[in-house]
Amino acid sequence: MSEPMTTFTSSNDLRRPATAFALRAVQVLTLLVLVAIGIGPLYWTVKGAVSSPTEMVTNPLRLWPAEAELGNFARAFTELHVGRYLANTVTVVIGSWAVQLLVAMTAGFAFAVIRPRIGRYVYGAILATMFVPYTVSLVSLFLTVLDVNLLDTYWAIWLPAGANAFNVLLATRFFEALPQELYDAAKVDGASTWQLLTRIVLPMSRPVIAVISLLAIMHSWKEFIWPLVVISDPRLQPISVALANLVDSAPLDELIAAMAMALAPPVLVFLVLQRYVVAGLGFTGVKG
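The structure displayed is predicted, hence computed values, not measured ones. (Residues numbered from 1 in each chain as written. Predicted model: local features only at pLDDT ≥ 70, side-chain atom pairs only at ≥ 80, totals over all residues. Heavy atoms only, no water.)

Draft legend 1. View of the overall build of the protein. Summing up its helical and strand segments, the protein has 15 helices and zero strands in all. Judged by the C-alpha coordinates and their principal axes, the protein covers about 75 × 70 × 35 Å. Considering only contacts in the protein between residues 6 or more positions apart, those separated by 24 or more positions represent 72%. As presented, the protein carries roughly 17500 Å² of accessible surface, and 69% of it is formed by carbon and sulfur atoms. Averaging the coordinates of the 18 positive side-chain charges in the protein and doing the same for the 17 negative ones gives two points 12 Å apart. (Helix = DSSP H or I, 4+ residues; strand = E, 2+ residues; numbered from the N terminus. Contact = heavy atoms within 4.5 Å. Areas by Shrake-Rupley, 256 points an atom, 1.4 Å probe, with all protein chains shown as cover. Lys, Arg positive; Asp, Glu negative; His and termini not counted. Charge placed at Lys NZ, Arg CZ, Asp CG, Glu CD.)

Draft legend 2. Up close: the packing of helix α5 (residues 82–114) against helix α14 (residues 239–246). One can describe the packing of α5 onto α14 by two numbers: an axis separation of 8 Å at closest approach and a directional angle of 145°. Of α14, the residues touching α5 (which contributes Val82, Tyr85, Leu86 and Thr89) are Ile239, Ala242 and Leu246. The residue inventory of the contact of α5 with α14, partitioned by class, reads six nonpolar, one polar and no charged. (Axes fitted to C-alpha atoms, helices over the stretch in contact; angles between N-to-C directions. Nonpolar A, V, L, I, M, F, W, Y, C, P; charged D, E, K, R; others polar.)

Draft legend 3. View of the nonpolar core. Counting residues in each nonpolar core, the largest one holds 22 residues, and the members touching the most others are Ala76, Leu80, Val82, Ile239, Leu243, Leu246 and Ala258. Taken together, the elements giving at least two residues each to this core come down to α5, α12 (206–222), α14 and α15 (252–284). For this core, the element with the highest residue contribution is α15, accounting for seven residues. In this structure, Ala112, Val208, Val211 and Ile212 belong to the second largest nonpolar core, which totals 19 residues. (Core = buried A, V, L, I, M, F, W, Y, C linked by side-chain atoms within 4.5 Å. Buried < 20%, exposed > 50% of the residue type's maximum accessible area, 1.4 Å probe, protein only.)

Draft legend 4. A look at the packing of helix α9 (residues 165–177) against α12. Where α9 contacts α12, the axes come no closer than 10 Å and their chain directions differ by 170°. When the interaxial angle is binned, α9 and α12 end up roughly antiparallel. Contacts from Phe166, Asn167, Leu170, Ala171 and Phe174 of α9 reach α12 at Pro207, Val208, Val211, Ile212 and Leu215. Of the residues belonging to the contact of α9 with α12, the class tally is nine nonpolar, one polar and no charged. (Parallel < 35°, antiparallel > 145°, perpendicular 65-115°, else oblique.)

Draft legend 5. Structural detail: helix α6 (residues 119–128). Residues of α6 that are buried: Gly119, Tyr123 and Leu127. Here the buried residues of α6 occupy an arc of 70° about the axis, which is enough to place them on one side. Against the buried residues of α6 lie α5 and α9. (Arc of directions from axis to C-beta.)

Draft legend 6. A look at unusual backbone geometry. Of note, Arg115 is a non-glycine position whose phi angle comes to about 55°, a positive value. Given a relative accessible area of 52%, Arg115 falls into the exposed group. Positive phi is not limited to glycine here, since Asn149 has a value of about 60°. Relative to the elements of secondary structure, Asn149 occurs in the loop between α7 (138–147) and α8 (155–161).

Draft legend 7. Fine view of the packing of aromatic side chains. For the structure shown, the criterion picks out six aromatic pairs. Centre to centre, the rings of Phe174 and Phe175 are 6.0 Å apart; their planes meet at 70°, and the pair counts as edge-to-face. Of the two residues examined, Phe174 and Phe175, each falls in the buried class. Joined through ring pairs, the aromatic side chains of Tyr43, Trp44 and Trp64 make up one cluster. If you follow Lys47 out to its NZ or CZ, it ends over the ring of Trp44, 5.0 Å from the centre. The ring of Tyr85 carries Arg84 above its face, with NZ or CZ at 5.1 Å from the centroid. (Phe/Tyr/Trp six-rings, centres within 6.5 Å; stacked < 30°, edge-to-face > 60°. Lys NZ or Arg CZ within 6 Å of the ring centre and 35° of its normal.)

Draft legend 8. Just the environment of Glu67, in detail. Within the element layout of this structure, Glu67 appears in the loop between α3 (53–58) and α4 (71–79). Sequence-wise, Glu67 and Ser52 are 15 residues apart; in three dimensions their C-alpha atoms are separated by 8.4 Å. Apart from the residues within four sequence positions on either side, Glu67 is in contact with Val50 and Glu55.

Draft legend 9. Seen up close, the pattern of salt bridges. A full pass over the atoms with the stated rule returns three salt bridges. Close ionic contact of Glu254 with Arg75 constitutes a salt bridge, the shortest N to O distance being 3.6 Å. Taken as a pair, Glu254 in helix α15 and Arg75 in helix α4 lie far apart in primary sequence, 179 residues in all. The exposure class of Glu254 is buried, given its relative accessible area of 5%. Looking at Arg75, the relative accessible area reads 30%, which means it is partly exposed. Across the pair Asp233 and Arg235 runs a salt bridge, and its minimum N-O distance is 3.0 Å. (Salt bridge = Lys/Arg side-chain N within 4 Å of Asp/Glu carboxyl O.)

Pasting the structure below:
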C-alpha cells in the first residue's frame, strides 16, 4: 500500500515549471496577505500619528504624509499625560504578571508533581472555568471587589488576574512533560517540596515561564472592561481606559500618536519573547 500524500501536489507535479511557479506564487501571495493583515494596522497608526489633522481629512488614503509631524508624540506625552497613563499601565502589567505567574507555577506544580487526592477534581473545576464567558462572572467579581474595599486600587486588577485557567493548564502540562525520574531522585536525596520547586522545577521552566509571561503581559496591557469598571480615578487609569476617555476631547493627531505609543511596548515584548513562546508551547504540547 502506498504512503498517503502529505501535499496537494505530487513530486512529479512539482518538477513541472508551471506547477512549481503556481505553487510558489500562491505561497508568496499568502505571505504578503498575512503581512499586510498583521503590519498594516500598525503602519497606518504610525502614519496617522505623524500626520496633521488637515492632511488626515484631505488625504486619508495617502501612504505617508507630505510633512511628518513628529511633534505629535511630544505633545501627546505632555498635553494628554500619556506618560502618566503608560506608567499606570506598567504598574498594572507588572502586578498582574507576578500574580498570574505565581498562581500558575504553584498550581501546576501541585497538580503535576505533588498530586493530592482531590487534585484532579480541583484541576477539572479550574479547567471548567475556561468555558464560562467573562461577562457572566463580571457582576459577581465586581461585588466581591466592592465588599473587600478594593475599588480604585490596583489590587482589584492584580488579584482577579491570577484566576487564569489557561496558564494553569500550560504549567501543569509542562511539569507533566518533565521526566518523573527527576522528582523521584530529588525525593530520595531528601529534597523538600519547596526545594523540589525552587531548585529543580523552576530552573527548568524557562520556556513555560516565557509563554505565561507573554500571555499575561499582552492580556494585561490591552485589558479594557475590567479596569474601566474598578478604576474610576483618572489619575490611576491605564492607557487603554484613558484613550477611550480622551476620544471626545483630544486632538485627533495627538490621540493617534498616543495610540502609537501605547502599541509600541507590547509589540517590542512580543518580538523579544516570540522564540521562547514557540519553544514553550512545544514543551507543553498545547496546539492551536
